[in-house]
Amino acid sequence: GDSVTQMEGPVTLSEEAFLTINCTYTATGYPSLFWYVQYPGEGLQLLLKATKADDKGSNKGFEATYRKETTSFHLEKGSVQVSDSAVYFCALRPYGSARQLTFGSGTQLTVLP
Amino acid sequence: EAGVAQSPRYKIIEKRQSVAFWCNPISGHATLYWYQQILGQGPKLLIQFQNNGVVDDSQLPKDRFSAERLKGVDSTLKIQPAKLEDSAVYLCASSLEERTEAFFGQGTRLTVV
């Protein structure tokens, strides 16, 4: 079945450091890929998405590129801020499916001033 | 625009008791989802409604869990009887239609003791 594997956390960085959170997936066909963010005490929010190979999703300085050849969708940000501290979830939805998302286990990011 | 509303925010019950959670989706959203998020794991879909019909309940433990969405708006999720392993955050989400962006509520944190 479909699955998503994220790098294990927690991840702790200093402000302005470069961030990478790895995500790989297993799915048939061409799923849509997503990154969600969960700030403390809040619900999940869609951060960015990509629906086909080589697409790049971007939002709030975060980027992720859909790599079909490596089945990956790594999240990157060039300079993190304290306000980026949150849990980040990678997720997929199978192509053409009405079913909702399959999530990874999440990566806790803490950014120190 | 009001978001997805859930109540209660927190609930503590003893095992074998029953509990119910309530969700009010964003107005006009036809699709509603319930997810279970166990600590340290990503959310797992329990049930998906399209209006007041069930689209997918393949991962819902039907011997103890039930859900309904009367009149295609609000929804309730019930657990009876609860087990220790049901301790989790229960997330409700809604989307305008199937395969469009899902918006999540803040969740209900259930602790079974």
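Residues numbered from 1 in each chain as written. Chains lettered and ligands numbered in written order. Predicted model: local features only at pLDDT ≥ 70, side-chain atom pairs only at ≥ 80, totals over all residues. Heavy atoms only, no water.

**A word on the overall build of chain A**
For chain A, the helix and strand inventory stands at 0 helices and 12 strands. Along the chain direction, N to C, the helices and strands of chain A fall in the order β-β-β-β-β-β-β-β-β-β-β-β. On C-alpha atoms alone, chain A measures out to a radius of gyration of 13 Å, which is about the 13 Å that the 2.2 N^0.38 rule sets for 113 residues. By its C-alpha atoms, chain A is 45 × 25 × 20 Å across when sized along the principal axes. (Helix = DSSP H or I, 4+ residues; strand = E, 2+ residues; numbered from the N terminus. Rg over C-alpha atoms; globule rule 2.2 N^0.38 Å.)

**Some points on the interface of chain A and chain B**
Listed per partner, the contact involves 18 residues of chain A and 22 residues of chain B. Of the roughly 1500 Å² buried between chain A and chain B, counting both surfaces, carbon and sulfur atoms make up 50%. At the level of elements, β5 (32–38), β6 (44–50) and β10 (86–93) of chain A are the ones that each hand at least two residues to the side of chain A that touches chain B. Partitioning the side of chain A that touches chain B into residue classes produces 7 nonpolar, 8 polar and 3 charged. (Contact = heavy atoms within 4.5 Å. Buried area = accessible area lost by both parts, 1.4 Å probe. Nonpolar A, V, L, I, M, F, W, Y, C, P; charged D, E, K, R; others polar.)

**Notes on the state of the cysteines**
Residues and elements named next belong to chain A. Counted by the stated rule, this structure contains 2 disulfides over all chains. Covalent S-S linkage joins Cys23 and Cys90, the inter-sulfur distance amounting to 1.9 Å. Note on the Cys23 and Cys90 pair: the S-S dihedral is about -70°, so by sign convention the disulfide is left-handed. Within this pair, whereas Cys23 is found in strand β4 (residues 23–26), its partner Cys90 is found in strand β10, the two being separated by 67 residues in sequence. Since its relative accessible area comes to 1%, Cys23 is described here as buried. (Disulfide = S-S within 2.5 Å. Buried < 20%, exposed > 50% of the residue type's maximum accessible area, 1.4 Å probe, protein only.)

**Comments concerning the pattern of salt bridges**
A full pass over the atoms with the stated rule returns 5 salt bridges over all chains. When the shortest N-O distance is used, the salt bridge between Asp57 of chain B and Lys62 of chain B registers 3.7 Å. (Salt bridge = Lys/Arg side-chain N within 4 Å of Asp/Glu carboxyl O.)

**A word on the sheet that holds strand β7 (residues 65–68) of chain B**
All names here are of chain B. The antiparallel open sheet is built from 4 strands, whose spatial order is β1-β3-β8-β7. The strands lining the two open edges of the sheet, one partner per strand, are β1 (5–7) and β7. The average undirected angle you get between the axes of adjacent strands in this sheet is 15°. As paired strands, strand β3 (residues 19–24) and strand β8 (residues 75–79) are joined by 5 bridges and run antiparallel to one another. Paired with Val19 across the bridge in β8 is Ile79. (Pairing = 2+ DSSP bridges. Axes fitted to C-alpha atoms, helices over the stretch in contact; angles between N-to-C directions.)

**Structural notes on unusual backbone geometry**
The peptide bond linking Gly9 of chain A to Pro10 of chain A adopts the cis configuration, its omega dihedral lying at -10°. Of note, Pro10 of chain A is situated in the loop between β1 (3–6) and β2 (11–14). With omega at -10°, the peptide bond leading from Ser7 of chain B into Pro8 of chain B counts as cis. On the secondary structure map, Pro8 of chain B appears in the loop between β1 and β2 (10–13). Notably, Glu16 of chain A is not glycine yet its phi reads approximately 80°, a positive angle. Mapped onto the fold, Glu16 of chain A is located in the loop between β2 and β3 (19–21). One non-glycine residue with positive phi stands out, namely Lys71 of chain B, at about 60°. With respect to the secondary-structure elements, Lys71 of chain B resides in the loop between β7 and β8.

**Some remarks on the nonpolar core**
If you look at the biggest cluster of nonpolar residues, it comprises 26 residues, and the most contacted ones within it are Trp35, Leu47, Leu48, Phe73, Leu75 and Tyr88 of chain A. In terms of residues, this core owes the most to one element, β10 of chain A, which gives 4 residues. The residues touching Leu48 of chain A, leaving out its near neighbours within four places in the chain, are Leu33, Phe34, Trp35, Gly57, Ser58, Asn59, Phe62, Glu63, Ala64, Phe73 and Leu75 of chain A. Grouped together as the second largest cluster of nonpolar side chains are 21 residues, Val4, Trp34, Cys92 and Val112 of chain B included. (Core = buried A, V, L, I, M, F, W, Y, C linked by side-chain atoms within 4.5 Å.)

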